[in-house]
Amino acid sequence: MHKDSSQRASVLQHVSQNVRRLRHAADMSQTALAEKSGVSRRMLVAIEAGEKNVSLTTLDRVAEALDVAFSDLIQAPDARDPSRINEVAWAGAIPGSKAVLLSKATATREVEQWEWCLQPGEVYPSQPDADGWSEQIYVFEGCLTLMLGEQRQQIATGEFFMFASNQPHGYRNDGEVATRFVRNVVI
């Protein structure tokens, strides 16, 4: 089985288990959830059975009707870190086409999204942010050295990392090629 296909199968199982669990927790029948979400009861039966490849829009409508976050539907039910999702939420017909929800964070005001490029040897030191702020880093080229106080965290291409940014931190490129990454600041 293609890797994306097996990842997609596991997320369908997660959706199936989560929709059923959250619907029961909300004390809703499938009919009531169908009415509230605008998703047909037949579709909900198929989703809960893990038989239906469902669109992101449909999942979003179900999440809203259940009064939960979209990520609560696709995350593994036994996840140890609820902020780290790393699940395929959509897979296209052509192998390799996919959308992966990497992580989530609660924001009180806003989220800033930054694209960074550090040339070899470049260092960017940062002062601590306010309590409650966090950052999400996703490296799409090269390798980033994230400095958290005295600790060093290597984040390679295709990897992501989240941290509370109310501590001294900085970014460094120890490699021989440019490092490019996306940095979300959650305020």
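Thresholds, definitions, all that
Residues numbered from 1 in each chain as written. Predicted model: local features only at pLDDT ≥ 70, side-chain atom pairs only at ≥ 80, totals over all residues. Heavy atoms only, no water. Pairing = 2+ DSSP bridges. Helix = DSSP H or I, 4+ residues; strand = E, 2+ residues; numbered from the N terminus. Polar contact = N/O pair within 3.5 Å; in protein donor to acceptor, adjacent residues only side chain to side chain. Contact = heavy atoms within 4.5 Å. Axes fitted to C-alpha atoms, helices over the stretch in contact; angles between N-to-C directions. Parallel < 35°, antiparallel > 145°, perpendicular 65-115°, else oblique. Nonpolar A, V, L, I, M, F, W, Y, C, P; charged D, E, K, R; others polar. UniProt positions renumbered as here; feature names shortened; annotations may be inferred. pLDDT = per-residue confidence, 0-100.

## What about the pairing of strand β5 (residues 134–141)?
As paired elements, β5 and strand β8 (residues 160–164) share 5 bridges and run antiparallel to each other. When the sheet's bridge partners are listed, Y138 is paired in β8 with F160. Strand direction decides the pairing type here: β5 and strand β10 (residues 179–186), joined by 7 bridges, are antiparallel. Bridge pairing links E135 to V185 in β10.

## Considering the side chain of E87
Mapped onto the fold, E87 is located in strand β1 (residues 84–91). In terms of polar contacts, E87 uses its side chain to reach the side chain of H14, at 3.5 Å. Filtering out sequence-adjacent residues up to four positions away, E87 remains in contact with S10, V11, H14, I74, Q75, A76, A99, V100 and L101.

## Some details on the packing of helix α2 (residues 30–37) against helix α4 (residues 56–66)
At a closest axis distance of 9 Å, the pairing of α2 and α4 adopts a crossing angle of 110°. By the angle class used here, α2 and α4 are roughly perpendicular. From α2, L33, K36 and S37 reach across to α4, where they touch R61, V62, A65 and L66. Looking at the contact of α2 with α4 residue by residue, the class counts come to 4 nonpolar, 1 polar and 2 charged.

## Digging into the UniProt feature "domain: HTH cro/C1-type" (unreviewed entry) in the chain
When the UniProt feature table is mapped onto this chain numbering, "domain: HTH cro/C1-type" (unreviewed entry) sits at residues 19–73. Measuring from the first to the last C-alpha atom of residues 19–73 gives 6 Å, for a span that is 69% helix and 0% strand.

## Considerations on the confidence of the model for the chain
On average, residues of the chain score 88 in pLDDT, and 95% of them are at 70 or above. Ranking the helices and strands of the chain by mean pLDDT puts strand β6 (residues 143–148) first, with 98, and helix α1 (residues 3–25) last, with 79.

## Here's the deal with the sheet that holds strand β4 (residues 123–126)
Spatially, the 4 strands line up as an open sheet ordered β4-β9-β6-β7, and their pairing is antiparallel. A single partner strand is all that each edge strand has here, and the edge strands are β4 and β7 (151–156). Across the sheet, the mean angle separating the axes of adjacent strands is 20° when strand polarity is ignored. Both β4 and strand β9 (residues 169–172) contribute to a ladder of 4 bridges, which runs antiparallel. Bridging across to β9, P125 finds its partner in G170.

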